[in-house]
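Residues per chain are reported as follows:
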Amino acid sequence: MTSVFKLTGLHCSSCKELIEEAATEVPGVEKANVNLKASVLTIEHGTAFHPESLMQAIVSLGAGYAVTPL
């Protein structure tokens, strides 16, 4: 399955890499890709995935990141 999320607080490619890494550590997430220009996170996940876990993982990174489902 695929889900898409809008990101805020992105500044550079380091932000992109940090968020992709954090997203792939969330249970159920198989792949994560951040489109820096569109500020969108697309993930591939299984049925064990809970969006709240993903949102919490990204917000906990600090730097003013926020994420909302599209």
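Above this text is the structure in question.
Reading the values: the criteria
Residues numbered from 1 in each chain as written. Predicted model: local features only at pLDDT ≥ 70, side-chain atom pairs only at ≥ 80, totals over all residues. Heavy atoms only, no water. Core = buried A, V, L, I, M, F, W, Y, C linked by side-chain atoms within 4.5 Å. Buried < 20%, exposed > 50% of the residue type's maximum accessible area, 1.4 Å probe, protein only. Helix = DSSP H or I, 4+ residues; strand = E, 2+ residues; numbered from the N terminus. Contact = heavy atoms within 4.5 Å. Phe/Tyr/Trp six-rings, centres within 6.5 Å; stacked < 30°, edge-to-face > 60°. Pairing = 2+ DSSP bridges. Axes fitted to C-alpha atoms, helices over the stretch in contact; angles between N-to-C directions. Expected span 1.5 Å × (residues − 1). Arc of directions from axis to C-beta. Salt bridge = Lys/Arg side-chain N within 4 Å of Asp/Glu carboxyl O.

1. Quick look at the nonpolar core
The biggest cluster of nonpolar side chains holds 17 residues, and the ones touching the most others in it are Leu7, Ile19, Leu41, Ile43, Leu54 and Ile58. The set of elements that each furnish at least two residues to this core consists of strand 1 (2–8), helix 1 (13–24), strand 2 (29–35), strand 3 (40–45) and helix 2 (51–59). Leu7 has contacts with Ile19, Val34, Ser39, Val40, Leu41, Ile58, Ala66 and Val67, leaving out every residue within four places of it along the chain.

2. Thoughts on the packing of aromatic side chains
For the structure shown, the criterion picks out one aromatic pair. Look at Phe5 and Phe49: their rings are 6.4 Å apart centre to centre, the planes differ by 75°, and that puts the pair in the edge-to-face class. Taken together, the residues Phe5 in strand 1 and Phe49 in the loop between strand 3 and helix 2 connect sequence positions 44 residues apart. Comparing Phe5 with Phe49 shows no difference in burial state: the two are buried.

3. Regarding unusual backbone geometry
The bulk of non-glycine residues show a negative phi, and the bulk of peptide bonds are trans. The backbone of Ser39 sits at a positive phi, close to 55°, despite the residue not being glycine. A relative accessible area of 17% places Ser39 in the buried class.

4. Digging into the sheet that holds strand 4 (residues 66–69)
Across the sheet, which stays open at both edges, the four strands sit in the order 2-3-1-4 with antiparallel pairing between neighbours. Only two strands of the sheet have a single partner each, and these edge strands are strand 2 and strand 4. The sheet shows a mean angle of 25° between the axes of neighbouring strands, direction not considered. Along the sheet, helix 1 contacts strand 1, strand 2 and strand 3; its crossing angle with strand 2, the most-contacted strand, is approximately 160°. Lying over the sheet, helix 2 contacts strand 1, strand 3 and strand 4, oriented at roughly 160° with respect to strand 4.

5. Focus: helix 1
The end-to-end C-alpha separation of helix 1 is 17 Å, in line with the 16 Å expected for 12 residues at 1.5 Å each. Restricting attention to buried positions, one finds in helix 1 the residues Cys15, Ile19, Glu20, Ala22 and Ala23. Down the axis of helix 1, the buried set is contained in an arc of 165°. They therefore lie on one face.

6. Topic: the pattern of salt bridges
Two side chains of opposite charge can pair, provided their charged atoms sit close to one another. Inspection of the entire model under this criterion finds one salt bridge. Between Lys16 and Glu20 there is a salt bridge; the shortest N-O distance is 2.7 Å. Taken together, the positions of Lys16 and Glu20, both in helix 1 and four residues apart, correspond to about one turn of that helix. Overall, Lys16 belongs to the partly exposed group, its relative accessible area being 22%. Residue class for Glu20 comes out buried when judged on its relative accessible area of 15%.

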